[in-house]
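# Architecture and fold: a report
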Amino acid sequence: MKLVGFSCVFSAVMLAAMGFFLVKGNSIVLGSPRHAGVFNVGQDGYSEAASLMNREFDRQGYVTIPLPENVGESDITIQNNPYDKTVWISINNVSEDYYHKNLFSGDLDNIESIRYGYEDGLVRIVLSAADIFEPVKEFEDHRLYLKLVAPHDIYEHVVVIDPGHGGENQGSAVYGIKENDIVDGVTERLKNIEMPSGIGIYYTRAAGEGAENEDRLHIAETVSADLLVSIHTNADSMSRTTTGCGAATLSADSAIGDLFGRSVSEATGLEYAGVQDGSNMTILKDANMPSVLVELGYITNKKEAVKMATEEFQSSAADAIAKSITEYFENEQTN
Ligand SMILES: [Zn+2]
């Protein structure tokens, strides 16, 4: 995650030293009787924004973000990043100094810091949360109300999708095609697929970024995932002719592997290679929830590598993974 590059040219208003800080239990309330705020510009160009407590508009359990009259709900994008416990709120059509005069307020129990940056009419507010939460928003009367809740508070089923590799670790690379690019391509398409409302999805890393296995597992454990789906391509060091998509699971979970492997095979047209034993695979052997590692196809097989690099393959594979997740929980309910 790169926050560098967001230019912040506004001046710092320093009221911190003037003693407007109240610390009450877990919650930190920053404010003054007048509308004024604290912006300390950080090295990454973002500001630490302390907020004004304006109880008149406050709503229990919510952070309140005021919005200019011209800003509608469609101008607001909220991105939840479980890997660094941040929630990004991007808002279009806001003037650079708007949040100097109209400050965030509310209940900050779950929030460790609020930072704020600006570029080309886009404000980005970054909430650093105390844990992995799901942001629940309400938009009313030119205000955005945001509440952070535990994933299982609003989702019946919680799934963690783990895009393999990332960062320095690009996975296998043959014929000029990198495993990591295929995995990221499928993952970005998955993010655009609307899931049934009872299923919440969390990702273990951002596109292009790396992550340690223990951090990936930590996310799955923290959100109490009901299912962990790791996405990779297969490779065969002995032969360039091995083919097929499949899955790896711990033996007890081979039915999950079969569900995902067959589904990806049917959707993409790659032959079905069956379920492998994943008892030596890091993410699987240490996962304490049902888990499956989807092997999209063999990157060591030129035909499959070329196919996996196409948008068409990546869309079909993403659809198949999403469908398998839904089916997994449907099957669970009928059994
Ligand atoms: Zn891999």
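That block above? That's the structure.
A brief structural summary.

Criteria and thresholds
Residues numbered from 1 in each chain as written. Predicted model: local features only at pLDDT ≥ 70, side-chain atom pairs only at ≥ 80, totals over all residues. Heavy atoms only, no water. Helix = DSSP H or I, 4+ residues; strand = E, 2+ residues; numbered from the N terminus. Contact = heavy atoms within 4.5 Å. Areas by Shrake-Rupley, 256 points an atom, 1.4 Å probe, with all protein chains shown as cover. 1 Å grid on protein atoms, 1.4 Å probe; cavity = no way out; pocket = protein on both sides within 12 Å on 5 of 7 lines; lining within 4 Å. Points joined across faces, edges and corners; volume = space filled by probe spheres on them. Nonpolar A, V, L, I, M, F, W, Y, C, P; charged D, E, K, R; others polar. Donors = N, O, S within 2.8 Å, 3.2 Å for Na, K, Ca; no water. Pairing = 2+ DSSP bridges. Axes fitted to C-alpha atoms, helices over the stretch in contact; angles between N-to-C directions. Left-handed = near helix turned anticlockwise from the far one by under 90°. Core = buried A, V, L, I, M, F, W, Y, C linked by side-chain atoms within 4.5 Å. Buried < 20%, exposed > 50% of the residue type's maximum accessible area, 1.4 Å probe, protein only. Arc of directions from axis to C-beta.

When its secondary structure is counted, the protein chain shows eight helices and 20 strands. Pairs at least 24 residues apart make up 72% of the contacts formed inside the protein chain by residues separated by at least 6 positions. For the protein chain, the accessible surface area stands at approximately 15,600 Å², while carbon and sulfur atoms represent 47% of it.

The next subject is the layout of surface pockets. If a probe as big as a water molecule is rolled over the atoms, it shows which places are left empty. Size it by volume and the largest pocket reaches roughly 770 Å³. Lining the largest pocket are 27 residues; nearest its centre among them are Ile 78, Glu 134, Tyr 155, Lys 191 and Ile 201. Listing elements by their share of the lining of the largest pocket, those giving two or more residues are strand S6 (76-81), strand S11 (134-140), helix H3 (179-191) and strand S16 (199-203). Per-element tally for the lining of the largest pocket: the top contributor is S6, with six residues. Here the residues of the lining of the largest pocket sort into 16 nonpolar, seven polar and four charged.

This next bit is on the coordination of the zinc ion. Ideal geometry at a metal centre: 109.5 degrees between donors when four sit tetrahedrally, and 90 or 180 degrees when six sit octahedrally. Taken together, the protein donors to the zinc ion comprise His 165 (NE2), Glu 179 (OE) and His 232 (ND1), at separations of 2.0 to 2.1 Å. Site description for the zinc ion: donor spacing in sequence, H-x13-E-x52-H. Taken as a pair, His 165 in the loop between strand S13 (157-163) and strand S14 (173-174) and Glu 179 in helix H3 lie far apart in primary sequence, 14 residues in all.

Attention shifts here to the sheet that holds strand S19 (residues 272-277). Ordered by their spatial adjacency, six strands build an open sheet running S16-S13-S17-S20-S18-S19, and the pairing between neighbours is mixed. Taken across any chain shown, the strands that pair with only one partner, and hence form the sheet edges, are S16 and S19. Looking at each pair of strands side by side, their axes are set apart by 20° on average, direction ignored. Relative to strand S17 (residues 227-234), S13 is paired through five bridges, and the arrangement is parallel.

Our focus in this paragraph is the packing of helix H5 (residues 254-268) against helix H8 (residues 311-334). H8 packs onto H5 with a crossing angle of 145° between their chain directions and a minimal axis gap of 8 Å. In the packing of H5 onto H8, the handedness of the crossing is right-handed. Mapping the contact onto sequence places Ile 256, Leu 259, Phe 260, Ser 263, Val 264, Ala 267 and Thr 268 in H5 and Phe 313, Ser 316, Ala 317, Ala 320, Ile 321, Lys 323, Ser 324, Ile 325, Glu 327, Tyr 328 and Asn 331 in H8. Tallied by class, residues from the contact of H5 with H8 come to eleven nonpolar, five polar and two charged.

Further remarks concern the environment of Tyr 155. Take Tyr 155: it is sitting in the loop between helix H2 (151-154) and S13. C-alpha separation for the pair Tyr 155 and Ser 197, spaced 42 residues apart in sequence, amounts to 7.4 Å. Excluding residues that lie within four positions of it along the chain, Tyr 155 makes contacts with Glu 134, Ser 197, Gly 198, Ile 199, Gly 200 and Tyr 202.

On to the sheet that holds strand S12 (residues 143-149), then. Strand order in the open sheet formed by four strands is S8-S5-S12-S11, and the pairing between neighbours is antiparallel. On the outer flanks of this sheet lie strand S8 (105-106) and S11, each paired with one strand and no other. Across seven bridges, the pairing between S11 and S12 is antiparallel. By the bridge assignment for S12, Lys 137 is matched with Leu 146.

Turning to the nonpolar core, a few remarks are in order. Ranked by size, the top nonpolar core spans 36 residues in total, and within it Leu 227, Val 229, Phe 260, Leu 296, Ile 321 and Ile 325 carry the most contacts. Tallying contributions element by element places H8 first for this core, with nine residues. Other than its neighbours up to four places away in sequence, Val 229 contacts Val 159, Val 160, Ile 161, Asp 162, Phe 260, Val 292, Val 294, Ile 321 and Ile 325. If you look at the next biggest cluster of nonpolar residues, it comprises 24 residues, including Val 63, Leu 67, Ile 91 and Ile 114.

All right, on to helix H4 (residues 213-222) then. Among all positions in H4, only Arg 216, Leu 217, Ile 219 and Ala 220 are buried. Buried residues along H4 cover an arc of 150° about the axis, so they all sit on one side. On its buried face, H4 sits against S13, S16, S17 and helix H6 (282-285). Backbone geometry just downstream of H4 places Ser 224 in the positive-phi region, at approximately 50°.

Function-wise, these values are silent; they only describe arrangement.
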